[in-house]
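Each chain, written out:
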Amino acid sequence: MKIATWNVNSVKARRERLLAFLARHAPDVVCLQELKTEEKGFPFEEVRAAGYFAAVLGQKTYNGVAVLSREEPADVSTGFGDGGDESQARLVAATVGGLRIASAYIPNGKEVGSEKWPYKLEWLARLAAWVERQSGGPPLVLGGDFNIAPEDRDVASPASWADSVLCHPEVRSAWERILSAGLVDSFRLHHAEGGLYSWWDYRMLAFPKNEGLRIDHVLLAPALVPRCTGAFIDRDERKGKLPSDHAPVFAELS
């Protein structure tokens, strides 16, 4: 079972690339983030013609998440369901192939000290609590743009990013709380080395220089760890005409 997560940075802008990506990799499940459209703007018919069902939570202009799957998804849910603010389209989950698959788009946080910084930390705390609540159900796979580089080896220039919203000690502590809630970073099961990134700024020749960060992740329930046979980043998807600034990240399960 091949599972991918990809922040497409506008599904309208990346529609042709998404369809080509599905044809090239033939993943079983894809978690998408930053659709930047309401459900009515999502290319359901083209995605279905490519062989995929789509569970979508959209939002005009911002955010938006989806789970694409070859098997029709069941028990689709959106948001945390905890009574808190659900005005932003950042979490959708569905049961596929006996697994609970969730696509999450964690807030960026803008700048430490800005009004968006505490919102990011609160959202991450809610996510950890949500993960804990999934423990009685099917094994969880949580894919998404976490806007967190967990360690310095996940950053090309650690000193430059040390106190940023992507690497700040508070978000790294929040990352550890999510793992402690019952998840494992699938990529690190197969890659101990640094220098492997999933996001590069469009500016300053960041991609050719490989000045990136690993902020997109596929997290697995511990029961799935023995089944995880591989993990990789499709760096080639960041190349060519009109790419997203993120590359897809994969986990493979036997």
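See the structure above.
The rules behind each value
Position numbers for residues count from 1 along each chain, tracking the sequence in the order it is written. pLDDT decides what is reported in this predicted model: residues at 70 or higher carry local features, side-chain atom pairs at 80 or more are listed and counted, and totals for whole chains, interfaces and linings draw on all residues regardless. Side-chain metrics in this entry use all non-hydrogen atoms of the structure; hydrogen atoms and water are not considered. The way it works is that DSSP assigns letters per residue, a run of H or I at least four long becomes a helix, a run of E at least two long becomes a strand, and they are numbered from the N terminus. Radius of gyration: over C-alpha atoms. The globule rule applied is 2.2 Å multiplied by the number of residues raised to the 0.38 power. A simple rule labels every residue: compare its accessible area, found with a 1.4 Å probe on the protein chains alone, to the largest value its type can have, and call it buried under 20%, exposed over 50%, or partly exposed in between. The contact criterion used is simple: two residues touch if any of their non-hydrogen atoms lie within 4.5 Å. Exposure was quantified through the Shrake-Rupley algorithm and a 1.4 Å probe, taking into account, for residues, occlusion by the shown protein chains and nothing else. In this count, Lys and Arg are taken as positive residues and Asp and Glu as negative ones, while His and the chain termini are left out. Taken as the charge location is NZ of Lys, CZ of Arg, CG of Asp or CD of Glu. Should DSSP find at least two bridges between two strands, the strands are regarded as paired. Interaxial angles span 0 to 180 degrees and are taken between N-to-C directions of axes, which are lines fitted to C-alpha atoms, for helices over the stretch in contact. Our angle categories are set so that under 35 degrees counts as roughly parallel, over 145 as roughly antiparallel, 65 to 115 as roughly perpendicular, and the remainder as oblique. Basically, the charged four are Asp, Glu, Lys and Arg, the nonpolar ten are Ala, Val, Leu, Ile, Met, Phe, Trp, Tyr, Cys and Pro, and anything else, Gly included, counts as polar. Salt bridges, as used here, are contacts in which a Lys or Arg side-chain nitrogen is within 4 Å of a carboxyl oxygen on Asp or Glu. Buried residues of nine kinds, namely Ala, Val, Leu, Ile, Met, Phe, Trp, Tyr and Cys, make up a nonpolar core once their side-chain atoms join them within 4.5 Å. For Phe, Tyr and Trp, where Trp contributes only its six-membered ring, two rings pair if their centres lie within 6.5 Å, and the inter-plane angle classes them as stacked under 30 degrees, edge-to-face over 60, or tilted in between. Only Lys NZ and Arg CZ are tested; either one counts as a charge over a ring when it is within 6 Å of the ring centre and within 35 degrees of the ring normal.

Colleague: How should I be thinking about the overall build of the protein in this particular structure?
Modeller: When its secondary structure is counted, the protein shows 5 helices and 14 strands. Here the C-alpha radius of gyration of the protein, 17 Å, is about what a compact globule of 254 residues would show, namely 18 Å. With the C-alpha coordinates of the protein rotated into their principal frame, the extents come out at 45 × 40 × 40 Å. Per-residue burial for the protein yields a buried fraction of 55% across its 254 residues. Within the protein, contacts between residues at least 6 apart in sequence are counted, and of these 69% link residues at least 24 apart. Accessible surface for the protein amounts to roughly 10600 Å². Of this, 52% is attributable to carbon and sulfur atoms. When the 30 positive and 34 negative side-chain charges of the protein are each reduced to one mean point, those points stand 4 Å apart.

Colleague: What is the right way to read the sheet that holds strand E5 (residues 74–78) from this model?
Modeller: Strand pairing in a sheet relies on backbone hydrogen bonds. The paired strands run either parallel or antiparallel. Spatial ordering of the open sheet is given by E5-E6-E7-E8-E12-E9, a layout of 6 strands whose pairing is mixed. Across the chains shown, the open sheet's two edge strands, defined by having one partner strand only, are E5 and strand E9 (184–185). In the sheet, E9 pairs with strand E12 (residues 216–220) via 2 bridges, with the strands oriented antiparallel. When the bridges of E12 are listed, Val184 appears paired with Leu220. Across the sheet, helix H3 (residues 116–133) is in contact with strand E6 (91–96), strand E7 (99–105) and strand E8 (140–145); its angle to E8 comes to roughly 165°. The strands that helix H5 (residues 169–180) touches are E9 and E12; relative to E12, the one it contacts most, it runs at about 25°.

Colleague: Please clarify how the packing of H3 against H5 should be interpreted in this entry.
Modeller: Any two packed helices are characterised by how steeply their axes cross, that is the angle between the axes, and by the distance between the axes. Between H3 and H5, the shortest axis-to-axis distance is 9 Å and the interhelical angle comes to 10°. One element, H3, and the other, H5, form an angle in the roughly parallel class. Contact residues: H3 offers Trp117, Lys120, Leu121, Leu124, Leu127, Ala128 and Val131, while H5 offers Glu170, Val171, Ala174, Arg177 and Ile178. Here the contact of H3 with H5 is composed, by residue class, of 9 nonpolar, no polar and 3 charged.

Colleague: Looking at this model, I keep getting lost on the pattern of salt bridges. Mind explaining?
Modeller: Think of it this way: side chains of opposite charge can pair up when their charged atoms draw near. Within this structure, the stated rule accounts for 16 salt bridges. Between Glu237 and Arg24 there is a salt bridge, with its nearest N and O atoms 2.6 Å apart. Here Arg24 lies in helix H1 (residues 15–25) and Glu237 lies in the loop between strand E13 (228–233) and strand E14 (249–253), a separation of 213 residues in the sequence. Overall, Arg24 belongs to the partly exposed group, its relative accessible area being 46%. Within this structure, Arg17, Arg24, Asp234 and Glu237 form a network of salt bridges that share partners.

Colleague: Where do I start with H1 in this structure?
Modeller: Given 3.6 residues to a turn, an α-helix orients residues that are three or four positions apart in the same direction. Among the residues making up H1, those that are buried are Arg17, Leu18, Leu19, Phe21, Leu22 and His25. The inward-facing, buried residues of H1 abut strand E1 (2–7), strand E2 (29–33), helix H2 (44–49), strand E4 (65–69), E13 and E14.

Colleague: Can you walk me through the nonpolar core in this structure?
Modeller: Within soluble globular proteins, side chains that are nonpolar tend to cluster in buried spots. One finds Trp123, Leu127, Trp130, Leu142, Phe146, Ile178 and Leu213 to be the most contacted residues of the largest nonpolar core, which totals 34 residues. For this core, the elements supplying multiple residues, two or more each, are E6, E7, H3, E8 and H5. Ranked by the residues each element gives to this core, the list is headed by H3, at 9 residues. What Trp123 contacts, discounting residues up to four positions off in sequence, is Phe80, Arg90, Leu91, Ala104, Tyr105, Ile106 and Pro107. Counting 29 residues, the second largest nonpolar core, distinct from the first, contains Cys228, Ala231, Ile233 and Leu253.

Colleague: Before we go on, may I ask you to explain the environment of Leu189 in this structure?
Modeller: The topology assignment puts Leu189 in the loop between E9 and strand E10 (199–200). Under the relative-accessibility criterion, Leu189 is labelled partly exposed at 36%. The spacing of Leu189 and Asp145 is 44 residues in sequence and 19 Å in space, taken between C-alpha atoms. Other than its neighbours up to four places away in sequence, Leu189 contacts Val184, Val225 and Cys228.

Colleague: Where do I start with the pairing of E14 in this structure?
Modeller: By the criterion of burial, E14 is predominantly enclosed, with 4 of the 5 residues buried. In this structure, E1 lies alongside E14, joined through 4 bridges in antiparallel fashion. Residue pairing in the sheet places Thr5 in a bridge with Val249 of E14. Pairing geometry for E13 and E14, over 5 bridges, is antiparallel. Of the residues in E14, the one forming a bridge with Cys228 is Leu253.

Colleague: Would you mind going over the packing of aromatic side chains with me for this structure?
Modeller: The relation between two aromatic rings is expressed through the spacing of the ring centres and the mutual angle of the planes. With the rule as written, the count across this model stands at 8 aromatic pairs. Pairwise contacts between aromatic rings join Trp6, Phe21, Phe232 and Phe250 into one cluster. It is Arg48 that lies over the ring of Phe53; its NZ or CZ is 3.8 Å from the centre.

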